[in-house]
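Secondary and tertiary structure notes
If you want the building blocks of each chain, they are given just below.
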Amino acid sequence: MSESGKSYDVVVFGSCIVDFISYVPRLPKVGETLHGTRFATGFGGKGANQCVAAARLGSRTAMIGKLGNDSWGHDYLKGLQREGIDVDYVEVIDGQSTGIAQINVSDRGDNQIVIVVGANNQLLEQDVVACDSLLQNSKILICQLETPMKGTVEALKRFNGISIMNAAPGTEDISVDLLKHSTIFCVNETEAALITGMQVETVLQAKAALLKLRDMGANIVIITLGEKGTIFAQKDSTKVKHVKPYKVDKVVDTTGAGDAFIGALAHFIARYPSIELTACVAAANKVASISVQKPGTQTSFPRFNETDLSEPLTQDDDQWKYI
């Protein structure tokens, strides 16, 4: 177990999944077989992705998760250690396979993903109790929906710092506890549409969905909109900010871009607590924009010296507006 009193910037309670990636000219239609151009494997899962993204930027990080007692699980554990992540609370368990994801990536950078979570289904409420000291010594907690919801709710309830709930993959049956017990509730446009039952294709439609999420019990809400940027609103505020996107010349692979954003957001909030959220969101947008210009998931996440960001962060008033 981790040393008592050891401090972490970011702790992640969530998933570890191995990616099997096929690169294809375009995404296949239902019932269609396509010839791919390349195949690769990599480490993924939203939880571990977000942890790696924060670690690469310089955060002190720890992961709470489950892996199968198989070759993929043991390799994954070594991969997290190479990233400098504390893995004392990552358990390798018998009788379960390591989670896997089958991913298709088109020449345009679009993707399709199917996950089989395997050992991740064993991340339960009792694991929250077992890692209580770790939670109490961390600044930011990140959770997602690739592990059982009851354990995630328990982690959010017990955590006293700033928590980020990334409600992904999206679900129509969202627990109110996930909304009200997280400091920041973050989704993309697809997830926002599923949760609210609203159409979310434009920035203004996203604003309406954001306000509905607030009505449903959320505190700070962030909705990422890909090439349209990001919108957010503080708790109890009617003012919604639109943070503009960073333009990129060529999108190579969007897989993991949302995880890059979440991990970066957690890093910047933890390391720059006096900086306004606007600047942290803009910096996280920048990190995500860098990640889509490289293939793969965790392999595409930049380190701080690769971001062209200033340290400490500065807020550019031209980068956002009220909507």
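Refer to the preceding data block for the structure.
Residues numbered from 1 in each chain as written. Predicted model: local features only at pLDDT ≥ 70, side-chain atom pairs only at ≥ 80, totals over all residues. Heavy atoms only, no water.

**Points about the nonpolar core**
Going by this rule: For the purposes of this section, nonpolar cores are sets of buried Ala, Val, Leu, Ile, Met, Phe, Trp, Tyr and Cys residues that join through side-chain atoms within 4.5 Å. Exposure classes here rest on a 1.4 Å probe applied to the protein chains alone. A residue is buried below 20% of its type maximum, exposed above 50%, and partly exposed in between. Each helix corresponds to a stretch of at least 4 residues labelled H or I by DSSP, and each strand to a stretch of at least 2 residues labelled E; elements are numbered beginning at the N terminus. Residue contacts are defined here by distance: any two heavy atoms, one from each residue, within 4.5 Å place the two residues in contact.
In this structure, Met63, Leu80, Phe261, Leu265 and Phe268 are the most contacted members of the largest nonpolar core, which totals 51 residues. The leading source of residues in this core is helix α9 (residues 257-271), at 9 residues. Every residue in contact with Phe261, bar those within four places of it in the chain, is listed here: Cys186, Ile222, Thr224, Thr230, Val281, Ala284, Asn285 and Ala288. Counting 40 residues, the second-largest nonpolar core is a separate cluster that includes Val11, Ala155, Ile174 and Val187.

**Let's talk about the sheet that holds strand β6 (residues 99-106)**
Sheet strands pair via backbone hydrogen bonds, and the direction of the pair is either parallel or antiparallel. What counts is decided by this rule: DSSP bridges decide pairing: two strands pair if at least two such bridges lie between them. Only the stretch in contact is used when fitting a helix axis, every axis being a line fitted to C-alpha atoms; angles between N-to-C directions are given from 0 to 180 degrees.
Spatial ordering of the open sheet is given by β3-β2-β6-β7, a layout of 4 strands whose pairing is mixed. Here the strands that pair on one side only, and so sit at the sheet edges, are β3 (38-44) and β7 (111-116). Sheet twist, expressed as the mean angle between neighbouring strand axes with direction ignored, is 20 degrees. As paired elements, strand β2 (residues 17-24) and β6 share 8 bridges and run parallel to each other. Bridge pairing in β6 links Ile17 to Gly99. Relative to the sheet, helix α2 (residues 71-82) contacts β2 and β3, its axis offset from that of β3 by approximately 70 degrees.

**Here's the deal with the packing of α9 against helix α10 (residues 277-291)**
For any two helices packed against each other, one specifies the inter-axial angle together with the distance between the axes. Formally: Each crossing is labelled by how the near helix is turned from the far one, with a counterclockwise turn of less than a right angle marking it left-handed and a clockwise turn marking it right-handed. Gly is put with the polar residues, along with every residue not named as nonpolar or charged; the nonpolar set is Ala, Val, Leu, Ile, Met, Phe, Trp, Tyr, Cys and Pro, and the charged set is Asp, Glu, Lys and Arg.
At a minimum axis distance of 8 Å, the contact between α9 and α10 shows a crossing angle of 145 degrees. Crossing geometry of α9 relative to α10 is assigned as right-handed. Between α9, through Ala257, Ala260, Phe261, Ala264, Leu265, Phe268 and Ile269, and α10, the contact on the second element is made entirely by Leu277, Cys280, Val281, Ala283, Ala284, Asn285, Val287, Ala288 and Ser291. Taken together, the residues of the contact of α9 with α10 break down into 14 nonpolar, 2 polar and no charged.

**What about the packing of aromatic side chains?**
Inclusion rule: Stacked, tilted and edge-to-face are the three classes assigned to paired rings of Phe, Tyr and Trp, where Trp is represented by its six-membered ring and a pair needs centres within 6.5 Å; plane angles under 30 degrees give stacked, over 60 edge-to-face, the rest tilted. Look at NZ for Lys and CZ for Arg. If either is within 6 Å of the ring centre and within 35 degrees of the ring normal, a charge sits over the ring.
Applying the stated rule across the entire model yields 5 aromatic pairs. Ring geometry for Phe43 against Tyr76: centres 4.6 Å apart, planes inclined by 45 degrees, an arrangement best described as tilted. With Phe43 in strand β3 and Tyr76 in helix α2, this pair connects stretches of sequence that are 33 residues apart. Given a relative accessible area of 0%, Tyr76 falls into the buried group. The structure contains a cluster of three or more aromatic residues connected by ring pairs, namely Phe268, Tyr272 and Phe304. Between Arg38 and the ring centre of Tyr23, over which it is positioned, the NZ or CZ distance is 4.1 Å. Lying over the aromatic face of Trp320, Lys241 brings its terminal NZ or CZ to 4.1 Å of the ring centre.

**What to know about the side chain of Thr152**
For the record, the criterion: N or O atoms within 3.5 Å of each other form a polar contact, as long as, within protein, one can give a hydrogen and the other can take it, and as long as residues adjacent in sequence are counted only when both atoms are side-chain atoms.
Structurally, the position occupied by Thr152 is in helix α5 (residues 149-158). Residue Thr152 is classed as buried on the basis of its relative accessible area of 0%. A polar contact of 3.3 Å, which involves the side chain of Thr152, links it to the backbone oxygen of Pro148. The contact partners of Thr152, leaving out residues within four places of it in the chain, are Phe13, Cys143, Gln144, Thr147, Met165 and Leu178.

**Notes on the pattern of salt bridges**
Put simply, the test is: Any carboxyl oxygen of Asp or Glu within 4 Å of a side-chain nitrogen of Lys or Arg constitutes a salt bridge here.
As enumerated under the stated definition, the model contains 13 salt bridges in all. With a closest N to O distance of 3.7 Å, Asp110 and Arg108 form a salt bridge. A relative accessible area of 33% places Asp110 in the partly exposed class. For Arg158, the salt bridge is made with Glu154, and the minimal N-O distance between the two is 2.9 Å. Within this pair, Arg158 and its partner Glu154 are both found in helix α5, separated by 4 residues, close to a single helical turn. Here Glu154 falls in the partly exposed class, since its relative accessible area comes to 22%. The network of salt bridges with shared partners includes Asp9, Arg60, Lys139 and Arg271.

**A few points about the packing of helix α7 (residues 189-196) against helix α8 (residues 203-215)**
Threshold: Roughly parallel here means an angle under 35 degrees, roughly antiparallel means over 145, roughly perpendicular means 65 to 115, and every remaining angle is called oblique.
Relative orientation of the contacting elements α7 and α8 amounts to 50 degrees, with a least axis distance of 10 Å. As the angle between them shows, α7 and α8 are arranged oblique. With respect to the hand of their crossing, α7 and α8 are arranged in left-handed fashion. Mapping the contact onto sequence places Ala192, Ile195 and Thr196 in α7 and Ala209, Lys212 and Leu213 in α8. The residue inventory of the contact of α7 with α8, partitioned by class, reads 4 nonpolar, 1 polar and 1 charged.

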